[in-house]
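Analysis of the macromolecular model
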Amino acid sequence: MSKVEEFEELRPLLFSIAYRILGSVGEAEDAVQETWLRFDASTTRVASPKGFLSATVTRIAIDVLRSARVRREEYVGPWFPEPLLSDPYEDPQRAAELADSVSMASLLLLERLSPLERSVFVLREVFAFGFDEVASAVGRSEAACRQLLVRARRHMRAGRPRFEVDGQERRELAARFFTALSEGDVDGLRSLLAADVTLVGDGGGKAPQPARAVAGAENVARLLASVHPLLDRIGVTFEEHHINGQPGAIFLDRGARVLQAMALDVVDGRIQTLRLVTNPEKLDHLGPVGDAWAVNEEVRRQRAAGRGDRSAPGRG
């Protein structure tokens, strides 16, 4: 094969590695593009294009992550990964590992690791690279990589939920949740939420988000049931999608522009966390982005008008 053909065949794998290390679609795409430039510029015929390209994209991603971590420390409010609708890399033999590793919950756990720990974990645990390949990619000895993996596994296991739920049950629960959301059904929503559920948003200071996490099934259910009818009234719709391999939805304004991604974290048959990504810089890969501030103002006016109707003479 030509260089271009070799690279394009491996592009899905390279993106998937970079995205798991970086948690950013845009940065992962940039890392893959830089990998191609280095591959194309190489005058030596490499014995293993997969090994060379995987090592190159990993090194680039590590460098990007080190600088990104400084920016994330200054980020306004909670930081979430950029929503990913579909993972381009598929491996039937590792389908479970791939799906779990790309979830919002797992990517946030990976944020706790050092760049080297994160990269070793991704290459070895997710993509099953040999320790010799991992060592070459991160520039450490095999023994050092084994120690990095031990520490990474320990951190990841400590943060994982104790109970898992199968895919079919997740899909059924999500369908019931979005039906209840559409209907503004407080009781229906409450029945699907864990008692200690939290709703938290990532606007990055560039879009509306809750001032603080909303906690508890009653509070979250009532918030969702009160806001969605107002959104529906001004033409906001949602489309159900898998967000990072988990149930979720993309919310659109009346012009079909993206306003928000909602990801549901399901644990032990209940929704444990609702993560809302509204930062427009994290949504533009999903399509044209709408003005969430303008929509928020319309919702505020709708709510105020409703209160006025209820207080008017002769109104129930």
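So, here is what we can say about the structure in this document. Here the structure is a predicted model, which is why all the values come from computation and not from measurement.

**Details of the nonpolar core**
- The biggest cluster of nonpolar side chains holds 49 residues, and the ones touching the most others in it are Ile17, Tyr19 and Phe127.
- For this core, the elements supplying multiple residues, two or more each, are helix H1 (3-22), helix H2 (25-41), helix H3 (49-73), helix H5 (104-110), helix H6 (115-126), helix H7 (131-138) and helix H8 (142-159).
- The element that contributes the greatest number of residues to this core is H1, accounting for 10 residues.
- Grouped together as the second largest cluster of nonpolar side chains are 35 residues, Leu173, Leu189, Leu274 and Val299 included.

**Re H8**
- Taking 1.5 Å of rise per residue, 18 residues should cover 26 Å, and H8 covers 26 Å from first to last C-alpha, within 8% of that figure.
- Buried within H8 we find Cys145, Leu148, Leu149, Ala152 and Met156. Taken end-on, H8 shows its buried residues confined to a sector of 105°, consistent with a single buried face. The exposed set on the far side of H8, more than 90 degrees from its buried face, consists of Ala143, Arg154, Arg157 and Ala158.

**With respect to the packing of H7 against H8**
- H8 packs onto H7 with a crossing angle of 95° between their chain directions and a minimal axis gap of 9 Å. Here H8 runs roughly perpendicular to H7, going by the angle between their axes. Residue-level contacts link Phe131, Asp132, Val134, Ala135 and Val138 of H7 to Glu142, Cys145, Arg146 and Leu149 of H8.
- Its residues placed into classes, the contact of H7 with H8 shows 6 nonpolar, no polar and 3 charged.

**Examining the side chain of Gln246**
- Its place among the elements puts Gln246 in strand S4 (residues 246-252).
- In terms of polar contacts, Gln246 uses its side chain to reach the side chain of Arg170, at 3.5 Å.

**Some words on a negative patch on the surface**
- A contiguous patch of negative charge on the surface is contributed by Asp166, Glu169, Glu172 and Asp268.
- Tracing the chain through its elements places Glu172 in helix H9 (residues 167-183).

**Things to note about unusual backbone geometry**
- With a phi angle near 60°, Ala128 is a residue other than glycine that sits in the positive phi range.
- For Ala128, the position within the fold is in the loop between H6 and H7.
- You can call Ala128 partly exposed: its relative accessible area is 40%.
- Phi is positive for Asp268, which is not a glycine, with a value near 55°.
- Along the chain, the position of Asp268 falls in the loop between strand S5 (258-267) and strand S6 (270-277).

**A look at the environment of Val138**
- By the element assignment, Val138 lies in helix H7.
- C-alpha of Val138 to C-alpha of Pro115: the two residues are 23 residues apart in sequence and 9.7 Å apart in space.
- Leave out the neighbours within four places in its chain, and Val138 touches Thr58, Ile62, Leu116, Ser119, Val120 and Cys145.

**Notes on the pattern of salt bridges**
- Considering all chains together, one arrives at 21 salt bridges under this definition.
- Here Glu297 ties to Arg301 by a salt bridge, and the two come within 3.7 Å at their closest N and O atoms. One end of the pair, Glu297, and the other, Arg301, are both in helix H12 (residues 292-311), 4 residues apart, so they sit about a helical turn from each other.
- Taking relative accessible area as the criterion, Glu297 reaches 29% and is therefore assigned partly exposed.
- The class of Arg301 is partly exposed, set by a relative accessible area of 46%.
- Where salt bridges share partners, they join Glu27, Arg71, Arg72, Glu111 and Arg118 into one cluster.

**A look at the packing of aromatic side chains**
- Counted under the stated rule, the structure contains 8 aromatic pairs.
- Consider the rings of Phe7 and Trp36, whose centres lie 5.2 Å apart with planes at 55°: the pair is tilted. Pair noted here: Phe7 is in helix H1 and Trp36 is in helix H2, with a separation of 29 residues, a long-range link.
- Overall, Phe7 belongs to the buried group, its relative accessible area being 1%.
- Aromatic pair Trp36 and Phe39: ring centres 6.3 Å apart, planes at 65°, arrangement edge-to-face. Placement of the pair is Trp36 and Phe39 together in helix H2, with a separation of 3 residues, close to one helical turn.
- Trp36 gets classed as buried once you look at its relative accessible area, which sits at 16%.
- Among the aromatic residues, ring-to-ring pairing joins Phe7, Trp36, Phe39 and Phe52 into one connected group.
- A cation over an aromatic ring shows up here: Lys3 above the ring of Phe39, its NZ or CZ 5.2 Å from the ring centre.

Calculation rules
In this numbering scheme, every chain counts its residues from 1 along its sequence in written order. Local features in a predicted model are, by the rule used here, given only for residues with pLDDT of at least 70; side-chain atom pairs are given and counted only at 80 or more, and totals for whole chains, interfaces and linings are based on all residues. Excluded from the side-chain calculations are hydrogens and water; all other atoms, namely the structure's heavy atoms, are used. Within this scheme, the nonpolar core is defined by two criteria: the residues are buried Ala, Val, Leu, Ile, Met, Phe, Trp, Tyr or Cys, and they are joined through side-chain atoms within 4.5 Å. Under the scheme applied here, a residue whose accessible area is under 20% of the maximum for its type counts as buried, over 50% as exposed, and between as partly exposed, the area being computed with a 1.4 Å probe on protein chains only. Each helix is a run of H or I in the DSSP string that is no shorter than four residues. Each strand is a run of E no shorter than two, and both are numbered from the N terminus. Multiply 1.5 Å by the residue count of a helix minus one, and that product is the helix's expected span. Taking the helix axis as origin, the arc is that swept by the directions to the C-beta atoms. The angle between two axes is taken between their N-to-C directions and runs from 0 to 180 degrees, where each axis is a line fitted to C-alpha atoms and a helix contributes only its stretch in contact. To sort the angles, those under 35 degrees are grouped as roughly parallel, those over 145 as roughly antiparallel, those from 65 to 115 as roughly perpendicular, and the leftovers as oblique. The criterion used for residue contact is that any of the two residues' heavy atoms lie within 4.5 Å. Only Asp, Glu, Lys and Arg are considered charged in this grouping, and only Ala, Val, Leu, Ile, Met, Phe, Trp, Tyr, Cys and Pro are considered nonpolar; every other residue, Gly among them, is considered polar. Pairing of N or O atoms within 3.5 Å defines a polar contact, subject to two protein rules: one partner must be a possible hydrogen donor and the other a possible acceptor, and residues neighboring in sequence count only if both atoms are side-chain atoms. A residue counts toward a patch only above 30% relative accessible area and without a salt bridge, and it is joined to like-charged neighbours within 9 Å or, for Val, Leu, Ile, Met, Phe, Trp and Tyr, to nonpolar neighbours within 5 Å. Note that accessible areas follow from Shrake-Rupley with a 1.4 Å probe, and for residues the cover is restricted to the protein chains shown. Salt bridges, as used here, are contacts in which a Lys or Arg side-chain nitrogen is within 4 Å of a carboxyl oxygen on Asp or Glu. Residues scored as charged are limited to Lys and Arg (positive) and Asp and Glu (negative), so that His and the chain ends carry no count. Think of each charge as sitting on NZ of Lys, CZ of Arg, CG of Asp or CD of Glu. Stacked, edge-to-face and tilted labels apply to pairs of Phe, Tyr and Trp rings (six-membered ring for Trp) whose centres lie within 6.5 Å, assigned for plane angles under 30 degrees, over 60, and everything in between, in that order. Only Lys NZ and Arg CZ are tested; either one counts as a charge over a ring when it is within 6 Å of the ring centre and within 35 degrees of the ring normal.

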